[in-house]
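# Summary of the model geometry
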Amino acid sequence: MRVGVVTFPGSLDDRDAARAVRAAGADAVALWHADPALHDVDAVVLPGGFSYGDYLRAGAIARFAPVMESVIGAAHDGLPVLGICNGFQVLCEAHLLPGALQRNAARRFVCTEQRLRIENAATAWTSEYTQGQEIVIPIKNMDGFYVAAERTLDELEAEGRVVARYLDGNPNGSYRDIAGVCNAAGNVVGLMPHPEHAIDELTGPGRDGLGFFLSRVGVAA
Amino acid sequence: MSDSSLANGQLMSDSSLANGQLMSDSVRAGSMDTVERAANTPDQLQPFAELGMTDAEYKRVREILGRRPTSAELAIYSVMWSEHCSYKSSRVHLKQFGDKKPDTDVLLVGMGENAGVVDVGDGWAVTFKIESHNHPSYVEPYQGAATGVGGIVRDILTMGARPVAVMDSLRFGRLHSPDTARVLPGVVAGIGGYGNCLGLPNIGGEVYFDECYTGNPLVNALCVGVMRTDGIKLAKADGPGNHVVLFGARTGGDGIGGASVLASATFEHEGEAKRPSVQVGDPFAEKVLIECCLEIFAADLVVGIQDLGAAGLSCATTELAAAGTGGMEIDLDLAPLRDPTLVPEEILMSESQERMMAVVAPDRLDRFLAVCAKWDVTATVIGTVTDVTPDQEARGGRLRMRWHGETIVDIPPRTAAHEGPVYQRPIERPLEQDALTEHDGSTLPRPHDSAGLRTTLLQMIASPNLADRSWITDQYDRFVLGNTVLAQPEDAGMIRLDDSTNRGIALSVDGNGRYTALDPYSGAQLALAEAFRNVATSGARPLAVTNCLNFGSPEDPAVMWQFSEAVRGLADGCQQLGIPVTGGNVSFYNQTGSTAILPTVVIGVLGVIDDVRRRTRQGFRTDGASIYLLGETREEFGGSEWAHVAHDYLGGRPPVVDLAREQRLAELLIAASNEEVLDSAHDLAEGGLAQSLVEACLRTNAGARITLPAVHDPFIELFAESTARAVVSVPRIHEQRFGELCATHDVAFTRIGEIDLLATTLDFQGLFTIALRELRDAWSSVLAHRFE
Amino acid sequence: MSRVVVDVVLKPEILDPQGQAIVGALGRLGIHGVRDVRQGKHFELDVDDSLDDETVTKLADTLLANPVIENFTIRRG
Amino acid sequence: MSRVVVDVVLKPEILDPQGQAIVGALGRLGIHGVRDVRQGKHFELDVDDSLDDETVTKLADTLLANPVIENFTIRRG
Ligand SMILES: Nc1ncnc2c1ncn2[C@@H]1O[C@H](COP(=O)(O)OP(=O)(O)O)[C@@H](O)[C@H]1O
Ligand SMILES: [Mg+2]
C-alpha cells in the first residue's frame, strides 16, 4: 500500500502525515506540488499547514498546483483522498467537497484536544472505526468554520456524508458541529482535526487518530 | 452597490497611490555621496547626531577612514555602533559570562555567533536563543511580535539548524488597563500567526502583568533548532572569489527611520519620502526560506551564511567580511528592491524581514540557485569575497560597495563589526533601594482562619499572574512536527530529537521582575534557578543557558547598577550550576518617560534527556500515590505574588537563593525520572505550594487530600515562595526507593498527602476543602473573560 | 496600466462572525446607530490596459472569490 | 437606514504578503497582465440615517482600520 503525501509550499504537517502512514504499516510517498505525477500511489493525503501562506483564503492557491490537477482527476475516478485541515480547505476550494471553511467564529487560532464522534464509518478513511465511536484528536486551525448552504447541509446529513462531528463544544463555529465531510462516493474525505497527531501517547492525546490511516491499509490487506 | 459610490472610491484610492510616489532616481543620483566626494569635501556637515552617534564616535569614524565618511558609510557605522548592534553599554559586563564560564565540554559554539551551539549527544547539536522585540510590539502588537518570532527563527536557521520549537516570554501592564487590552491580543495573535504558519510548535513561555509594563510591554521570543554536530554553519566570508548571494525577500524601506535623516540631509528631499514605521512579516516567505536553506545546507552549498536582522545589509556584509578574509566587494545596484526609489543609505539600513546572505563557492553557485528556484526564493549574486593585503588586514580588512558605478563605501569592516565603542557607564546603587528592601511586608494583614485561607487561595489562583494561560496558549500550535512530548502548561517544554532513539531536549524560560527589582543579583539567580528547576522537574539534565536582559536606560546610573548586578549574579550562578551562557540579548531603554520597567531578566535553560518516554509530567495520575513536598519552606514573602495580589505591595528581600540545594533537588528529580519512581512532579514558584497543588490537581482533574506540614502556620506553608522546592507524587510501590533517593541526594522530603482520583475536591485536612470545579472556575476563566 | 478594484463579500446567507464581532465592539466604543456590519475583502489590481473584462472576471471568480460562499463586484478605473 | 462602505488598504509603503501571494499564483493560473495586487478589507455597514460622518470616521479609524499600517476610504451610498 502506497500512500502519497503532498507537500505544497507552506505545508506543515506533511512529515507527520507521512509518519502516521508508516505507523499504520503503509509506505509514505512524498508528492511535490509542482509535479503532476502521482507515482502510482493507492491513496493521497493532503496535509495540514498554510499552503502559500493562506493569505487569500485557505487552500485557494494550492488548488491550482499541478499535482492537484492529477489528484482531482484521480479522485473522480475513485482514488481515496484524505484532506486534513488545510487539505480539507484545498478539497473544498477544488470543489471535490461541498461547502467552505471560514475564519473561526472566535477569530482566533485554536489548538486543543478535541472530542469527535465518527458519524460515518463506511468511508474510505473511517472503516477502522465503528459508527458513533467517540475519539479524541488534536485540532489546530485558523479557518475551520465549516459553512455551506442550508440545502447542502441537509443533503449531506440525509446522505450520511457528515463523517465526524465535534462533541463537548464546537471549537470553530462550524455549522451543525461538522468536523468532516465526504463526497458522494465516500472516497474523498475532508477533516478539520488532525488524526496524524494522535498516533501515540507520547506526542499526542493518544492513538485515536491512527484509524484513519489503518482504514486504508485494511482495504489493501 | 450604487455607481456613484464606486466613482468616489476610485478617486480616493488613486490619490492614496500618489501619496506613495517618490522622488525620481536621477535627482538622487546627481548628488550621490561618493568616497571621492567625501575626500574632497571634508567639511561637509553630517547628521551623525540625528543617527544617534556622539561627537566622539563620529570623530573616531573619521580617524579610522582618514576622511569624513560618505553618507552610506555613516549609515553603516551608525547602525553597527548602535546600542542594539554593538552592545556598547553592556559589553564590559557581559564579558563575565565568558570569564566565569564553567568547565564544560558541551559547548560547540560559544557566545558571539548568531546563537550558541550545545552538544546533546548521539551526534546531535542544539542551538537556542532568546531575543526581545519589545518596542515594535508596542507600536504594532501583531506585526511587532510576529517579526520578533521571525527574527529569532532566522538566527537559529543561520547556524545550520532546523528550527524545531519556539517559546515566548511576555510582560504586559495591569490586566485591566486599556493598554493591555490593545497590546496583548495582538501580541499573542502575532506570535501565533507567525509561529503557527512556520510550523513550529510553541512549547512554553510565560506571561506576567505588572503596572510597570504599561506602555512598555516585553515580548521575548525564543527559538531552538537542531542539527548534526558536523552541520554547524558560521557567519563568515571565506575564500576570495566566492560569491556573496542575497536571497529571500526583496529589500524595502522597512525600519529605516534613521536613514531618512540621512537621505534628506544629503539629497535635499522635496517632500519626506514615505517609509514604513512598521515591518510586516511574511511567515510564508520565511517558511519557504527555511526549507530552502535546509536543502542548501544538506547539499553543503555554502561557505558561510548570515541572516539579515537589525541593521540588515550593513550588518550582514560587515560581519561576514569581518569574520572571513576581511575583504568583500558589493554592487548595491544588484540588490533586488521592493521599492525602487530606495537610496543606498536606505538599502543598507533596511530591516526588511525574511532575507539571508550566503557566501557560495563558484562551483556550487548553479546548484545553490537551483535550490532557490525550486522554492521560488529570489536569489541574487550581489558581490564577491576578496583578498586583502597585509596592510589592509592590519587596518581591519576592506569592504567596498558600488552604486551606479561609483564607490560609495570603502571601509575596514572589522572596525564596524567588531571594534565599536565600548562604554563603562556610570553605576550607582540608588538610594531608594534601601527603602525598597527595608520593609518586607511582614506586617501586612494575613488571613488567619480557615475561611480566610480558603478565600485567599481562590483569590490567588484567579489573579492575573497565576491564572490559567490557556486562552493564550491555545492560540499556539503545539503539535506540529509531531515531536512535542511536553508543552504548556507543563513545567518545561520537551521535544523528541530522534524517533529511533527517543533522545530529546527540554526547555524552560523564567523571570521575575519583582525579585530582580528587590535584589538584581539574586533576582537574576532566582530566574536561573527556576528555569533550571523546571527543566530538571521534567526529568531532563540542564545543560546551557540563554538570557534576555530587559532594562531601562543605560544612561541612568541606577539602571546600570541593576544591570551590572544582574549580570554578575547570572554569571556567578551559571558558574556554580556548571551550565554556560551560550548567548542572549540585551534590551535597554525600556521605560516610559523617565520611569524604567522593573529590571526583567528572562532566562532560558536547555536540558537533555536520553529517553523522552521517561519524562515526568505535572499532573497527579495514580490513585493512592503519596504526595511529597521536596525542599524546605521559610517565611519568605518579599516580592511574593501574595503581597502583590493581596496588598499590591512590593518590598523586602526576595527569597533566598541556594544553588547548591537547587542542584541537589535537580539531581534527585533526574534520578527519580531515570528510575521511573515518580507519578508526577511540579516545581514551586510564584504562589507557593497552594498554586502547585491546584495545578497538579487540575491538570488531570484528580482529587487530593493534603495535610500541611506543621513547621510553620498554614498561611506560610501555602503561600511562601521559598526556592528549591517541588511537589511530587510517588506510587506506593516506589515510595521506599524514592525515600532512599531523597536521602542520597540530601533533599528534605515531607509526605503531605495522597491522590484520590475519585474525589472531586482538593482537601486541606483540618482546614478547608474546595471542589475541583470551583478551583477550575476561579482559575481558568480569568484571561478569557478579560479578552473576549 | 490601469486599476481594477474587486470587492468580495460573503453571501447574505452565510454567517459573518467578523462582522458580528465589530457590531459587538461598537456598543463598547459608545457608537450607536450601526445596525449591521459585513466584512469582505478588497483587492486593488494594477493591470495592463490590454487585460480584458473576461479575464478579470475569471480571475475574480476562480481565485479572488470562492463562489460557494462569496459574491464579488468589479470596478475598472 | 443607509449603507456605508469602508475600504481599508495597507499603506503603500507597507509590505503586502497577501497581495504578493496572489501575484505569484496568477502565473500558474495562466493569467498574465496583472502587475500588482494589494489586498485590503471591505466593510459594508447598515447605519441609521442620523449617523454623522464624524462618527463613521471615528469608527473606521479605531475599529475597522489599524491607522499604524492602513489607510481607509469611506463612501456613503
Ligand atoms: N506566553 C506563553 N507562551 C507559551 N506558553 C506559556 C506562556 N505563558 C505561560 N506558558 C506556559 O504555561 C505554563 C505555566 O506558566 P508559569 O506559571 O510561568 O510556569 P512556571 O511557573 O512553571 O514557570 C508553563 O507551561 C508555561 O510554559
Ligand atoms: Mg515562571
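Residues numbered from 1 in each chain as written. Chains lettered and ligands numbered in written order. Predicted model: local features only at pLDDT ≥ 70, side-chain atom pairs only at ≥ 80, totals over all residues. Heavy atoms only, no water.

What chain B contains, in helices and strands, is 30 helices and 28 strands. A globule of 788 residues ought to have a C-alpha radius of gyration of about 28 Å, and chain B, at 28 Å, matches this closely. Counting only C-alpha atoms and orienting by the principal axes, one finds that chain B spans roughly 85 × 65 × 55 Å. The buried share of chain B, reckoned over its 788 residues, is 66%. Summarising the internal contacts of chain B: among those between residues at least 6 apart in sequence, 85% fall at separations of at least 24. Entry remark: accessible area of chain B is about 26,100 Å², with carbon and sulfur atoms responsible for 50%. Separation between the mean location of the 65 positive side-chain charges and that of the 105 negative ones in chain B comes to 3 Å. (Helix = DSSP H or I, 4+ residues; strand = E, 2+ residues; numbered from the N terminus. Rg over C-alpha atoms; globule rule 2.2 N^0.38 Å. Buried < 20%, exposed > 50% of the residue type's maximum accessible area, 1.4 Å probe, protein only. Contact = heavy atoms within 4.5 Å. Areas by Shrake-Rupley, 256 points an atom, 1.4 Å probe, with all protein chains shown as cover. Lys, Arg positive; Asp, Glu negative; His and termini not counted. Charge placed at Lys NZ, Arg CZ, Asp CG, Glu CD.)

Residues and elements named next belong to chain C. In the predicted model, chain C carries a mean pLDDT of 91, and the fraction of residues at 70 or more is 100%. In the model of chain C, helix H1 (residues 17–29) stands out as the element of lowest mean pLDDT, 86, in contrast to strand E1 (residues 2–10), which has the highest, 95. Under the prediction, the complex receives an ipTM of 0.92, its pTM being 0.93. (pLDDT = per-residue confidence, 0-100.)

All names here are of chain B. Among the secondary structure elements, Ala487 is positioned in the loop between strand E14 (484–486) and strand E15 (493–496). Considered as a pair, Ala487 and Val106 are 381 residues apart in the sequence and their alpha carbons are 25 Å apart. Apart from residues lying up to four places away in sequence, Ala487 is in contact with Asn202, Ile203 and Arg478.

Glancing now at the relation of the copies chain C and chain D. Once turned by 180 degrees and shifted 0.0 Å along the axis, chain C lies on chain D with an RMSD of 0.3 Å. Taken together, the rotation angle and the small translation identify this as a two-fold axis. Closest approach to the rotation axis within chain C is made by the C-alpha atom of Lys41 of chain C, at a distance of 2.2 Å. A shared interface surface links the copies, since 100% of the contact residues of chain C are contact residues in chain D too. (Least-squares fit on C-alpha atoms with pLDDT ≥ 70 in both.)

Residue and element names in this part refer to chain B. Those protein atoms acting as donors to the magnesium ion (ligand 2) are Asp510 (OD) and Glu530 (OE), and they sit at 2.6 to 2.8 Å. Of the two residues, Asp510 sits in strand E16 (residues 504–510) while Glu530 sits in helix H22 (residues 520–537), which places them 20 residues apart along the sequence. In this structure, Asp510 and Glu530 share a single accessibility class: buried. (Donors = N, O, S within 2.8 Å, 3.2 Å for Na, K, Ca; no water.)

Residue and element names in this part refer to chain B. Taken together, 17 residues lie near ligand 1, and Asp168, Gly205, Pro489, Glu490 and Asp510 sit nearest. Gly205 places a polar main-chain atom, nitrogen or oxygen, 2.9 Å from an oxygen atom of ligand 1. Measuring from an oxygen atom of ligand 1, one finds a backbone N or O atom of Glu490 at 2.5 Å. When ligand 1 sits alone it has 550 Å² of accessible area, and the protein chains cover 90% of it. (Near = heavy atom within 4 Å. Polar contact = N/O pair within 3.5 Å; in protein donor to acceptor, adjacent residues only side chain to side chain.)

Before going further, it helps to spend a moment on the nonpolar core. Grouped together as the largest cluster of nonpolar side chains are 166 residues, with contacts concentrated most on Tyr146 of chain A, Phe247 and Phe368 of chain B together with Leu45 and Leu63 of chain C. In terms of residue count, helix H12 (residues 283–298) of chain B provides more of this core than any other element does, nine residues in total. Counting 49 residues, the second-largest nonpolar core is a separate cluster that includes Met32, Met401, Val409 and Ile411 of chain B. (Core = buried A, V, L, I, M, F, W, Y, C linked by side-chain atoms within 4.5 Å.)

Moving on to helix H2 (residues 66–76) of chain A. All names here are of chain A. Residues Val67, Met68, Ser70, Val71, Ala74 and Ala75 constitute the buried set of H2. Considered in projection along H2, the buried side chains sweep an arc of 160 degrees and stay on one side of the axis. Across H2 from its buried face, at more than 90 degrees, point the exposed residues Glu69 and His76. Elements in contact with the buried residues of H2: strand E1 (2–7), strand E2 (27–32), strand E3 (43–46), strand E4 (81–84), helix H3 (86–93) and strand E11 (188–191). Of the residues one or two after H2, Gly78 is the one with positive phi, at around 105 degrees. (Arc of directions from axis to C-beta.)

Once that is clear, we can look at the interface of chain C and chain D. Facing the 32 residues of chain C at the interface are 33 residues of chain D. Between chain C and chain D, the buried area comes to about 2,800 Å², and carbon and sulfur atoms account for 64% of it. Our enumeration of links across chain C and chain D arrives at four salt bridges. For Asp48 of chain C, the salt bridge identified is with Arg35 of chain D, shortest N-O distance 2.7 Å. On inspection of chain C and its partner chain D, the count reaches 14 residue pairs in polar contact (both at pLDDT 80 or more). Mapped by element, the contributors of at least two residues to the side of chain C that touches chain D are E1, H1, strand E2 (34–47) and helix H2 (53–64) of chain C. Across 13 bridges, the pairing between E2 of chain C and strand E2 (residues 34–47) of chain D is antiparallel. Paired with Phe43 of chain C across the two strands is Gln39 of chain D, which belongs to E2 of chain D. (Buried area = accessible area lost by both parts, 1.4 Å probe. Salt bridge = Lys/Arg side-chain N within 4 Å of Asp/Glu carboxyl O. Pairing = 2+ DSSP bridges.)

With that settled, the discussion passes to the side chain of Asp756 of chain B. Residue and element names in this part refer to chain B. Relative to the helices and strands, Asp756 is located in strand E26 (residues 749–756). For Asp756, a relative accessible area of 18% puts it in the buried group. A polar side-chain atom of Asp756 sits 3.1 Å from the main-chain amide nitrogen of Leu758. Sequence-distant contacts of Asp756, that is, excluding residues within four places in its chain, are made with Asp623, Ala702, Gly703, Ala704 and Arg705.

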